[in-house]
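If you want the building blocks of each chain, they are given just below.
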Amino acid sequence: MVSIATFLLLKKNYSKINIILNFISVIFLLSSGWPHGVIGYAVFVGITLVFEFKQSGKLNKVVYLSIPAILALIFSFPIYSEYIFSHDLTNRVSGFDSSLRTFIPSWSTIILGFFPTFYDYMTYISYRLVLVPLGFSTLFLPMVFFYRNIKELWQRDNILKWFSTLIIIFFLLSQMPSQFGPLRWPFRFLPFISFFICLAVFYILQYAHIIQGKKIILNKKIYISLYIILGGFFLFLPAYAGFDTLTLILSLVLMLFLLEHDLFNFKKSILVNFNKKYFLVILFVFCLVFFNSWNLHPFYIVLQIFSVWLLILSPKIIERKSSYGMIGLTLLILLLFLNGLPTLGGSYQRQTELAERIQLPDNVNLQGYVLSLPLNIYLKQTRQLNDIASAQFGFYDIKSINGYSPVGSKRLEKILPVNQSAHGIFTSKQALENILQSAKGFNVCQAVLMRISTIIVNKDDYAAFSHQFKQCGYSEVQSADSRNDLYVSLPFTLTKGWENNSPFVYPDIAGVRIVKHENNTDWVQIPEHKDNITLIFPRLWWYGYSAKIDDHILSVTADSSGSLVQVSVPSDFNGVLRLSYFPVTWRYLWFLPILAIMGLITLLFFNGKVKERLKFELKIF
């Protein structure tokens, strides 16, 4: 959104500060690694430039508006270069698949997004438990169709057509297949739809002429009856659903009263005189929303009723143009969301309650990595070590093979086949078969090379592979208190130094020790030795690893499994071995950020001449 804002500033005034702001904001956008954000910004800029060219007919103006973003792309390209270079090692979920319409927002979610408390399922089968509101769209969307002359504004200029084009394009993007390369999970385009809906509505409210439609006039008995019915409902509800709803009701009544002081004045109230068609639309929408979620928590019913009242009140809020009213409106909508989301999230979303601390078994070896194989991602609580799954190990500061990443490693998955690469959920039997066999060229198991000190495994799987576990040195040390899991560990005497990621050394010689371990670098002391030695580091293999002793470069390759880093040390080399990682492409593309900065400086230097040549006007189109 910041990138969009700076582009509009740049379009309005091609000044030095706006050029710099757009350049910096696009760099941050590209650095975020959010493909939908980058695609959304590119679509916005492309459509805007098409409208600009159609309006002005100046191609050079389109080019100059694009230059800051192009320079930002050049500056940020090294961020993506290594990912592209390592494409044969990475496994990102892709393809063309719309099975069960997973993560595709329903049309009702988009069309009824103006209703503050409308929620709908993204899909009704596999992710039925996820309720996602549009959440950003303006409350004033319905009223512009009844209180403003949109047709006249549409014919006056291209701005409304520009907004409509953007909304339609992003709506189409939000309906793309669930799996479609970088476009997957299309619900992420919802913020763009709602953002441009908001801008379009505010533009209409500011520039379109006011129109008056047929109004409904209720007599005193009718609206007194309405107040009595609502009052009786709100008095009965706390007794039925719990008095915790009373606080919510009183807070909402107070906020509405601050917005509309004549709320209880029968002669001046909003209910006395309002647009007939607008009222019928709001009433119809409320019926849809209510019947869509009639069985939800009573809190939600209260929020829906006040949402309707807020929609009915919205024309008067705009009419008065009160700053205090807008502040009160913002607070009211925030209150609606804060009260709605926790209730819905707690009742209808799957979530795991993480204990602040868990008791770790004393006899379970945690000096190396933990590999957890049970499928426990659907647990509601974590109480002990075998309850932890995926990235939750990081929360408890436990080294694990499990983790969370949208990009998997093809080579690691050959050893540890996965059900879901993003969550580190491994196929237990195939994984055990691969890691409990001897590594090629070494008389140890692959699990030992990977420095796995403990494997959490189902009892049935342990029984099936008990012989292989014993051959590799693993033994059952404890049964988990819950479910059917076992902790299988190596003896502590065999894992000395593993807490510092010490490498496996072949042949085993005395004196090899880890000096220092960092995220991208290991320092290992190599004593004098007669034969060539091989070191297998518990690091996942990527292009870019290098090793040297003093100034002597050593051979660095992938091990026989293709997944770990292997370093060969000749017999006449000793001292401190330094293994480090640095992206391969960065060694050749380091000049791109400098080139982009030089281009930016050149653009700023000639900004005066460019601005005079283009003669930018202080308007959008």
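Look a little higher up for the structure.
About the criteria used
Residues numbered from 1 in each chain as written. Predicted model: local features only at pLDDT ≥ 70, side-chain atom pairs only at ≥ 80, totals over all residues. Heavy atoms only, no water. Pairing = 2+ DSSP bridges. Helix = DSSP H or I, 4+ residues; strand = E, 2+ residues; numbered from the N terminus. Axes fitted to C-alpha atoms, helices over the stretch in contact; angles between N-to-C directions. Salt bridge = Lys/Arg side-chain N within 4 Å of Asp/Glu carboxyl O. Buried < 20%, exposed > 50% of the residue type's maximum accessible area, 1.4 Å probe, protein only.

Engineer: Looking at this model, I keep getting lost on the sheet that holds strand 13 (residues 475-479). Mind explaining?
Structural biologist: Paired through backbone hydrogen bonds, the strands of a sheet run either parallel or antiparallel to each other. Strand order in the open sheet formed by 4 strands is 7-12-14-13, and the pairing between neighbours is mixed. If you trace the sheet from one side to the other, it starts and ends with strand 7 (369-372) and strand 13, each paired once. Direction aside, neighbouring strands of the sheet carry axes that sit 25 degrees apart on average. The pairing of strand 12 (residues 452-458) with strand 14 (residues 485-489) spans 5 bridges and is classified as antiparallel. Looking at strand 14, one finds that Asn 458 is bridged to Asp 485.

Engineer: What is the right way to look at the sheet that holds strand 20 (residues 552-558) in this model?
Structural biologist: Taken together, 8 strands build an open sheet; the order of strands is 15-18-21-20-19-22-17-16 and the sheet is antiparallel. Of all the strands in the sheet, the pair left with one neighbour each is strand 15 (504-506) and strand 16 (513-517). Pairwise comparison of adjacent strand axes, ignoring direction, gives a mean angle of 25 degrees for this sheet. Inspection of the sheet shows strand 19 (residues 545-549) paired to strand 22 (residues 575-581) by 5 bridges, in the antiparallel sense. Considered in strand 22, the bridge of Ser 546 is made with Ser 580.

Engineer: Before we go on, may I ask you to explain the pattern of salt bridges in this structure?
Structural biologist: Side chains carrying opposite charge are able to pair once their charged atoms draw close together. For the structure on display, the rule yields 6 salt bridges. A salt bridge links Lys 429 to Asp 461; the shortest N-O distance between them is 2.8 Å. Placement of Lys 429 in helix 17 (residues 428-435) and of Asp 461 in helix 19 (residues 459-464) is noted, with a sequence separation of 32 residues between them. The partner of Arg 539 in a salt bridge is Asp 522, with the nearest N and O atoms 2.8 Å apart. One end of the pair, Arg 539, is in strand 18 (residues 533-540); the other, Asp 522, is in strand 17 (residues 521-526), with 17 residues separating them in the sequence. An identical accessibility class is assigned to Arg 539 and Asp 522; each is buried. Here the salt bridges share partners, and the residues they tie into one network are Lys 11, Glu 52 and Lys 61.

Engineer: How do you make sense of the pairing of strand 21 (residues 564-569) when you look at a structure like this?
Structural biologist: Residues in a regular strand project their side chains so that they alternate between the two faces of the sheet. Strand 21 sits mainly inside the fold: 5 of its 6 residues count as buried. Where strand 18 and strand 21 come together, 6 bridges link them in antiparallel fashion. Note that in strand 21 the partner of Ile 536 across the bridge is Gln 566. Taken together, the 4 bridges between strand 20 and strand 21 define a ladder with antiparallel strand orientation. Paired with Ala 558 across the strands is Val 565, a residue of strand 21. Counted along the chain from strand 20 to the antiparallel partner strand 21, the turn is 5 residues long, and its residue Gly 562 has a positive phi close to 85 degrees.

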